[in-house]
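Below, each chain spelled out in residue letters.
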Amino acid sequence: MHRSKSRTLRLGIVLTVLFLMAPVHGETSGNSYAWADDGSSPCDMIDELTFNGTLANESVQWQVDLGPRLPGSNASLAFRDNIKGLLEPAGWDITEVEHHRHGMNLTNLHARWASTANDSDGQVVISAHYDSRGAADRDENETNRSLPVPGANDAASGAAILYELARHIPSMNLTYDVVLFWNDAEDQGDNYTLGSEVWAENLSASEINATHAFVLLDMVGDADLQLQNINPGNDTLKARLVDLGSALGLVNESKDCNGTLGRDIIQYDVVVPVLDDHVHPHALGIPSIDIMDPVYGEPKFYSFGSYWHTMEDTPDKVSAESLGHVGRLVELGLRTDAFIDLVNQTEMPNEMDAEQHVEKTPISQPGEDSVNNGSPAMAIIAAVFIATFVMSIALLEWKAKP
Ligand SMILES: [Zn+2]
C-alpha cells in the first residue's frame, strides 16, 4: 500500500476507534443484576450450569471431518440430518427452509423448544452460521486461496455451541421459546449473510414483535479467546453480557462469584464495527448482539486475524475451554432471563448499512495505535474528522475485500 495512503488510513482507524469507543459497563455491580426484579443474582444460577465445552469441541472436529459445509453440498446435508436425527426424538420442532440466492441453494435449519410455562411469552433466537467458506482467500500461500477452508472456528464453533445448548435447554424450564437457528450461506464469495438476511426478510410483524432477542455466535472457539464489543448491537444486551461474564470470571479485574478477579476475555472496551448476520434482525428493531472474537491468530489490519479465511482455521486453534466459556455465558443468559425484556434499538452507526450484502467485514480493526480510553473532548475532535475518514476507510475496505 502506498505510504501516504497508509498513514491516512492508520489515522482514520485511530480516530474511528476513538470515536466509537463507548465502553459498555454492566448495569449493576456486585454480581446482582438489574433485569431481575427479585434481587437475585447470576451467581444464584452458577451451580446450575451444565454446558459441556468438551462435547462442543468434539462437534467442531466432527464438522470439520465432514468436509467443507458448502451450501447445497452433501456435507451440509449430513450436518442437518445429524442435528435433526438427534433433536427431533428429544422433542424439538425442526424446520428446514430452502432458498435460492446468488446461484446457491441454501437451507436454513431451525429447532424450536416450546416453553411449557403457563405464562410463556415470545421467543429468543440463538444463531450461528453452519456453512464454511468455499475459498481460503486470505491465505498467505497463494496456491491455497482457491481451497475451501476447514472452518473450525468459522463457524463450526458457533454451530457446535448451539447443538450443545440443545441438550440442556429442555430442562431449563424457561418462560419463552428458544429457537436455535443454524443459518446457511453466511460466508460464500462476496455475498454474505444470505441465510440470515432471507430469514429476516420473511418475518411477519407479529414474529418480529414476539422475538425478544437475536443472539449470534460467530468465531467463538479461538483458544486465545477475546470477545470484543461488536457494533451494531443492542446496548442493554451488551451490558447484560458483561454482567454475566463478570459473574463467570471473564472480565478483567472484575470479581467473579467466588470473589476471584476475572480473566481478560470479555473486552467490551474495544469496539469493532462488524457486519454479520445480526445486522438484519437489528435493522428490524429486534434486540441483537454478535458474540464474536474478531482476533483469530495474529492481529492484522482489515482482517479478523491471521487464521481467518485461511487453511489455518483448524480444530487445533479451537479449545474446549473457550467453547465452554461462551456456552456457559449463553446458558447463564438463558437461565437468568437476560435475553428478554430489552429495549429495542434500531440505530445503526453511520458507516453501517444493513442493506449491503456483506459479511463480517472489518471496517476498522484495533491495532497497536488504537486508543482504549476516549475522552469527550477527543471524541468531539474525532467527530470532525470522522465523516471524511470513515468514508475513505469504507471505500478502501470495499476495494480490499475478497
Ligand atoms: Zn468467515
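No experiment lies behind these values; they were computed from the predicted model shown.

A.B. asks: Looking at this structure, I do not really get the nonpolar core. What am I missing?
C.D. replies: Grouped burial of nonpolar side chains is what soluble globular proteins tend to show. Judged by nonpolar contacts, the single largest core of 78 residues is most densely connected at Ile-126, Ile-161 and Val-215. If one sorts the elements of this core by residue count, helix 4 (residues 152-166) sits on top with 9 residues. Once residues within four sequence positions are removed from consideration, Ile-126 is found in contact with Leu-162, Leu-165, Val-178, Leu-180, Phe-181, Val-215 and Val-330.

A.B. asks: For this particular structure, what's the right way to read the confidence of the model for the chain?
C.D. replies: One rule of thumb: low pLDDT means the predicted coordinates there are not for detailed reading. Confidence along the chain averages 84 in pLDDT terms, with 76% of residues attaining 70 or more. In this model, residues 1-22 is a region of pLDDT below 50 whose contacts with residues beyond four sequence positions or in other chains number 44 contacts. Scored below 50 in pLDDT, residues 349-358 shows 23 contacts in the model against residues more than four places distant or in partner chains.

A.B. asks: Got a minute to help me understand the environment of Ile-169 in this structure?
C.D. replies: Tracing the chain through its elements places Ile-169 in the loop between helix 4 and strand 4 (177-183). Under the C-beta neighbour-count criterion, Ile-169 is labelled buried, with 21 such atoms within 10 Å. On a C-alpha basis, the gap between Ile-169 and Glu-331 in space is 8.3 Å, while along the polypeptide they are 162 residues apart. Contacts of Ile-169, omitting those with residues within four sequence positions, involve Trp-113 and Val-178.

A.B. asks: Help me understand the sheet that holds strand 10 (residues 288-292), please; the structure alone is not making it clear to me.
C.D. replies: Sheets are built from strands that pair by backbone hydrogen bonding, the pairs being arranged parallel or antiparallel. If you trace the 6 strands from one edge of the open sheet to the other, you get 1-2-4-3-7-10, paired in mixed fashion. Because the sheet does not close on itself, it has two edges, and the strands there are strand 1 (93-101) and strand 10. With direction set aside, neighbouring strand axes in the sheet form an average angle of 20°. As paired strands, strand 3 (residues 123-129) and strand 4 are joined by 7 bridges and run parallel to one another. Looking across to strand 4, one finds that Val-125 is bridged to Val-179.

Rules and cut-offs
- Residues numbered from 1 in each chain as written.
- Predicted model: local features only at pLDDT ≥ 70, side-chain atom pairs only at ≥ 80, totals over all residues.
- Core = buried A, V, L, I, M, F, W, Y, C linked by C-beta atoms within 7 Å.
- Buried ≥ 20, exposed ≤ 12 C-beta atoms within 10 Å, placed from the backbone.
- Helix = DSSP H or I, 4+ residues; strand = E, 2+ residues; numbered from the N terminus.
- Contact = placed C-beta atoms within 7 Å.
- pLDDT = per-residue confidence, 0-100.
- Pairing = 2+ DSSP bridges.
- Axes fitted to C-alpha atoms, helices over the stretch in contact; angles between N-to-C directions.

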